[in-house]
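The primary structure of each chain is shown beneath.
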Amino acid sequence: MLDFYYMLYSAPCRSILMLAQALGIELNKKQVDLDAGDHLKPDFLKLNPQHTIPTLVDGDFALWESRAILLYLVEAYGKDDALYPKDPKQRAVVNHRLFFDLGTLYQSYVYYYYPQLFEDVKKPADPENFKKIEAAFAAFNTLLEGLKYAAGDKLTVADFPLLTTVSTFEVTGYDFSKYSNVTKWYETAKKEVPGWEENWEGCLYYKKLYLSEL
């Protein structure tokens, strides 16, 4: 069994929980209380010197960074290449969507909301950073044109982190209804990605912990 160090409110952690369900992997879940400093304890630092979650341990192999974990799981434990195609061009599109989520869509959330939520001296909303959210969703809407899923006509590993990202935007109160392709994809993904219920539970937990002041 794989050890999984996580917190349910974390969007990157939730993407791995959902993928594990899709792959039929049983995880030994170990909650890491960041507020209590669990991630800075010596035993955890031995596993992950960057002291971040999620962290996965498979035997004597430890890995962190959620999208690296997603790709490891799908390559090591996928029964076929359905979620991560072997065809170089199809795989490149999947990789693009993963990097788009990391560097553009999820990052736009970080730019706009994190200063309001997580800095020692919380800052007011910055309209310029809000524009980054709008630009990211507009780009995602364009990428989804003519597609049922994030990277084509089949569900892939790319849909998992994008789903946790968009659901985090939703629970935070961002209205993306004007992006019709995103809305259509989101409704499909909620129904078809395994583990949606646990993901939404994590979203609501995140809202309870951090979003009351927005």
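The rules behind each value
- Residues numbered from 1 in each chain as written.
- Predicted model: local features only at pLDDT ≥ 70, side-chain atom pairs only at ≥ 80, totals over all residues.
- Heavy atoms only, no water.
- Core = buried A, V, L, I, M, F, W, Y, C linked by side-chain atoms within 4.5 Å.
- Buried < 20%, exposed > 50% of the residue type's maximum accessible area, 1.4 Å probe, protein only.
- Helix = DSSP H or I, 4+ residues; strand = E, 2+ residues; numbered from the N terminus.
- Domains from an automatic or database assignment.
- Contact = heavy atoms within 4.5 Å.
- 1 Å grid on protein atoms, 1.4 Å probe; cavity = no way out; pocket = protein on both sides within 12 Å on 5 of 7 lines; lining within 4 Å.
- Points joined across faces, edges and corners; volume = space filled by probe spheres on them.
- Nonpolar A, V, L, I, M, F, W, Y, C, P; charged D, E, K, R; others polar.
- UniProt positions renumbered as here; feature names shortened; annotations may be inferred.
- Phe/Tyr/Trp six-rings, centres within 6.5 Å; stacked < 30°, edge-to-face > 60°.
- Lys NZ or Arg CZ within 6 Å of the ring centre and 35° of its normal.

Undergrad: Could you clarify how one ought to interpret the nonpolar core in this entry?
TA: If you look at soluble globular proteins, the nonpolar side chains tend to sit buried side by side. With 67 residues, the main nonpolar core has Leu 73, Leu 105, Phe 137, Phe 140 and Trp 185 as its most contacted residues. For this core, the element with the most residues is helix 4 (residues 88–117), which contributes eight residues. Here this core spans two domains, and each of domain 1 (2–77) and domain 2 (88–211) adds at least three residues to it. If we skip the residues at most four places from it in the chain, Leu 105 touches Phe 100, Ala 136, Phe 137, Phe 140, Leu 162, Thr 165, Val 166 and Phe 169.

Undergrad: Which parts of the structure should I look at to understand the layout of surface pockets?
TA: Leftover empty space is mapped by rolling, across the atoms, a probe with the size of a water molecule. If you add up the space inside the largest pocket, you get close to 660 Å³. As for the largest pocket, its lining consists of 24 residues, of which Ser 10, Pro 12, Ile 53, Tyr 106 and Tyr 114 are closest to the centre. Broken down by secondary-structure element, the contributors of at least two residues to the lining of the largest pocket are helix 1 (11–23), helix 3 (66–77), helix 4 and helix 8 (196–210). Looking at the lining of the largest pocket, the element that brings in the most residues is helix 4, giving four residues. Looking at which domains feed residues into the lining of the largest pocket, each of domain 1 (2–77) and domain 2 (88–211) supplies at least three. Empty space within the second largest pocket amounts to approximately 170 Å³. Lining the second largest pocket we find Asp 81, Ala 82, Pro 85, Gln 90, Val 94, Ala 151, Gly 152, Asp 153, Lys 154 and Thr 156. In the lining of the second largest pocket, the residues fall into four nonpolar, three polar and three charged.

Undergrad: Just checking my understanding: could you explain the UniProt feature "domain: GST N-terminal" (unreviewed entry) in the chain for this structure?
TA: UniProt marks residues 1–81 with the feature "domain: GST N-terminal" (unreviewed entry), using the numbering shown here. Here residues 1–81 runs as 38% helix and 22% strand, with 22 Å between its end C-alpha atoms.

Undergrad: Can you help me understand the packing of aromatic side chains in this one?
TA: Each pair of aromatic rings is reported with the distance of its centres and the angle of its planes. Using the criterion set out here, one finds 27 aromatic pairs in the structure. Ring centres 5.2 Å apart and planes at 75° place the aromatic pair Phe 140 and Trp 185 in the edge-to-face group. Linking Phe 140 in helix 5 (residues 127–143) with Trp 185 in helix 7 (residues 180–192), this pair joins segments that are 45 residues apart in sequence. Overall, Trp 185 belongs to the buried group, its relative accessible area being 1%. Look at Tyr 206 and Tyr 210: their rings are 5.7 Å apart centre to centre, the planes differ by 55°, and that puts the pair in the tilted class. Highlighted residues: Tyr 206 and Tyr 210, both in helix 8, separated by four residues, approximately one helical turn. Its end group placed over the ring of Tyr 111, Lys 132 keeps NZ or CZ at 4.0 Å from the ring centre.

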